[in-house]
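Coordinate inspection notes
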Amino acid sequence: MSDVTLAVGGRNYTVSCADGQEENVQRLARVVDGKLGSMGSNLSTNEAKNLLFAALLLADELEEAGQRATAPPAEPEIDVDGLAGRLERLASALEKAASTLEDGSHNA
């Protein structure tokens, strides 16, 4: 186990973590500190309450991200009329090419 010092909300906290996880824990603490900073004037004088609100905001963001990740992808928009027109033009061109080939083989 390693001890790592985290700066969150203007205070330093020393916590223990698994060896090799120090940078990850510090990165997570920066996320919490950033959330506290984004609360601006909504901070109270109660440090525990501020940390609770930051944790609730982060948990809400995490839940929303999870819901977006599990939502089925939106159906792609297909221009049916445009696609039908292109297919008709392609079919017409193929019929013309086939007719030209047939006429050429009969004249030979």
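Every value quoted in this text rests on a predicted model; they were computed, and no experiment measured them.

As a further point, take a nonpolar patch on the surface. On the surface, a nonpolar cluster with roughly 610 Å² of combined accessible area is contributed by Ile 78, Val 80, Leu 83, Leu 87, Leu 90 and Leu 94. Tracing the sequence through the fold places Leu 94 in helix α3 (residues 80-107).

Turning our eyes to something else, we now look at helix α1 (residues 22-38). The first and last C-alpha atoms of α1 sit 24 Å apart over 17 residues, in line with the 24 Å expected at 1.5 Å per residue. Within the span of α1, buried status applies to Ala 29, Lys 35 and Leu 36. The buried residues of α1 occupy one face: seen down the axis, they fall within an arc of 115 degrees. Exposed residues on α1 whose side chains face more than 90 degrees from its buried face are Glu 23, Arg 30, Gly 37 and Ser 38.

A few words now on helix α2 (residues 47-70). With 24 residues, α2 extends 35 Å from end C-alpha to end C-alpha; this agrees with the ideal 34 Å at 1.5 Å per step. The N-cap residue of α2 is Asn 46: its side-chain oxygen and the backbone nitrogen of Ala 48 are 3.0 Å apart.

Rules used throughout
- Residues numbered from 1 in each chain as written.
- Predicted model: local features only at pLDDT ≥ 70, side-chain atom pairs only at ≥ 80, totals over all residues.
- Heavy atoms only, no water.
- Patch = residues over 30% accessible without salt bridge, like charges linked within 9 Å, V, L, I, M, F, W, Y side chains within 5 Å.
- Areas by Shrake-Rupley, 256 points an atom, 1.4 Å probe, with all protein chains shown as cover.
- Salt bridge = Lys/Arg side-chain N within 4 Å of Asp/Glu carboxyl O.
- Helix = DSSP H or I, 4+ residues; strand = E, 2+ residues; numbered from the N terminus.
- Expected span 1.5 Å × (residues − 1).
- Buried < 20%, exposed > 50% of the residue type's maximum accessible area, 1.4 Å probe, protein only.
- Arc of directions from axis to C-beta.
- Polar contact = N/O pair within 3.5 Å; in protein donor to acceptor, adjacent residues only side chain to side chain.

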